[in-house]
Structures are given as structure tokens and as C-alpha cells.
Amino acid sequence: MTSLIQIAAEQKSADVTDWAARIGWVVGLLLFIAFVYWLMRQGWKWRGSLQSDLPELPAVPDAPGEAKLELTGRYHGSTTAGQWLDRIVAQGLGARSRVELRLTDAGLEVVRPGARDFFVPRAALREARLDKGIAGKVLAEGGLLIVTWAHGDKLIDSGFRSDHAAEQAAWVEAINTMSTLNSTTEGTGR
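Residues numbered from 1 in each chain as written. Predicted model: local features only at pLDDT ≥ 70, side-chain atom pairs only at ≥ 80, totals over all residues. Heavy atoms only, no water.

Undergrad: Give me the pairing of strand β4 (residues 107-111): which residues, what numbers.
TA: Most of β4 sits out of view: 4 of its 5 residues are buried. Alignment of strand β3 (residues 97-103) against β4, held across 4 bridges, turns out to be antiparallel. When the sheet's bridge partners are listed, Leu101 is paired in β4 with Val110. Here β3 folds back onto β4, and the loop between the two strands holds 3 residues. Across 4 bridges, β4 lies against strand β5 (residues 118-121) in antiparallel orientation. Pairing of Val110 across the sheet is with Phe118, part of β5. As consecutive antiparallel partners, β4 and β5 are separated by 6 residues, and within that stretch Gly114 has a phi angle of approximately 85°, a positive value. (Buried < 20%, exposed > 50% of the residue type's maximum accessible area, 1.4 Å probe, protein only. Helix = DSSP H or I, 4+ residues; strand = E, 2+ residues; numbered from the N terminus. Pairing = 2+ DSSP bridges.)

Structural data, given as C-alpha cells:
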């Protein structure tokens, strides 16, 4: 019996937690996460410097006219036309935000709270379509309103999602009609 009591007295319970090792791992993990975020930020800045040749975005004119259509929703970003993964970050086009769109006879007003507003003149509008994705955002087929427009020597696709998806089809029709009238007018020399 005494041998059992002696063995029990000699045994010591193991430390439950090695705090120094645990704190070391947590600090290491936090440093790794901070490093990854820093690399992502550097990549974003690098992409912006590669696209620095993109001209300044047109500002909304003082009197753009009466709105034909209005839409509230989300701006998901812009890409090089036809290349849905080539995100454009220069001139603030990479910042996602809420959006208010107004289509007037003068063009397309893009008002973004918390981000830079811009204006697409009527002559710059090329087409609109419903699609399923743009860089960083993929939805069901027809979930995004994609507006193609010219800026400088570059064609740009900008992606929007309305708060009321049913109204996006009317936008496609109106913008395509407007761009068709633009090309017809240019072709006749008026």
C-alpha cells in the first residue's frame, strides 16, 4: 500500500497550458496575417501604377437633364472590356460602393457615396448587357448590369447590381437604344 501512496505523491500533474508557446504562436499568426494584407495592398497599388495612363474621369455636368431611368444598388467595379477578370483600380474605379445611377440625354451619372462619382457621356456609351460576373463578383446568370463605355483609348466594362433586379432589363434596352442612336448619328455625319 505504501508503494502506491509513494508513487502517487511522486507523480506530478503536467502543465495544462504552456502560455509562452501559445502567445508565440498567436503573435506569429498575427504577424503572418498582417504581412499577407500588406502584400495585397502593395499589389493593389502596383496595379494602380500600371493603369496610371487612364485619363481623369469626367465629372457630372451641372445640368445633365431630366432622368430617363434611375437605379439604386451596388457598384461592383470596372474591368477592361471583354476581360472580366482584369480589374481597373486607377481613378477610383476599383472601389466597391453603393451607387445611384441616372440615365439622361447627356449620358450616365454614377453617384457613389464614399467613393469618387463619375459621368459617362452619351457619346462614350457602347452597350449594356446582363451578365453573371465581373472581377471579384459572380452571381446567377443575368444578375449584373454591365455597361460598356469608352474612356480615352480604352473600352471599360462597369458592373452594377440593382436593389430591384427586375429593372435591369429596362436599363439594357435604354442604353443599347441610346448607343445605337449614337452610332447612327455619327454614321450620317450629323
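Once the structure has been displayed, the description carries forward.
Undergrad: Outline the side chain of Gln91, supporting the account with residue identities and numerical values.
TA: In this structure, Gln91 sits in the loop between β2 (87-88) and β3. Only 3.1 Å separates the side chain of Gln91 from the backbone oxygen of Leu54, close enough to count as a polar contact. Setting aside its immediate chain neighbours within four residues, Gln91 contacts Leu54, Pro55, Glu56, Leu57 and Arg116. (Polar contact = N/O pair within 3.5 Å; in protein donor to acceptor, adjacent residues only side chain to side chain. Contact = heavy atoms within 4.5 Å.)

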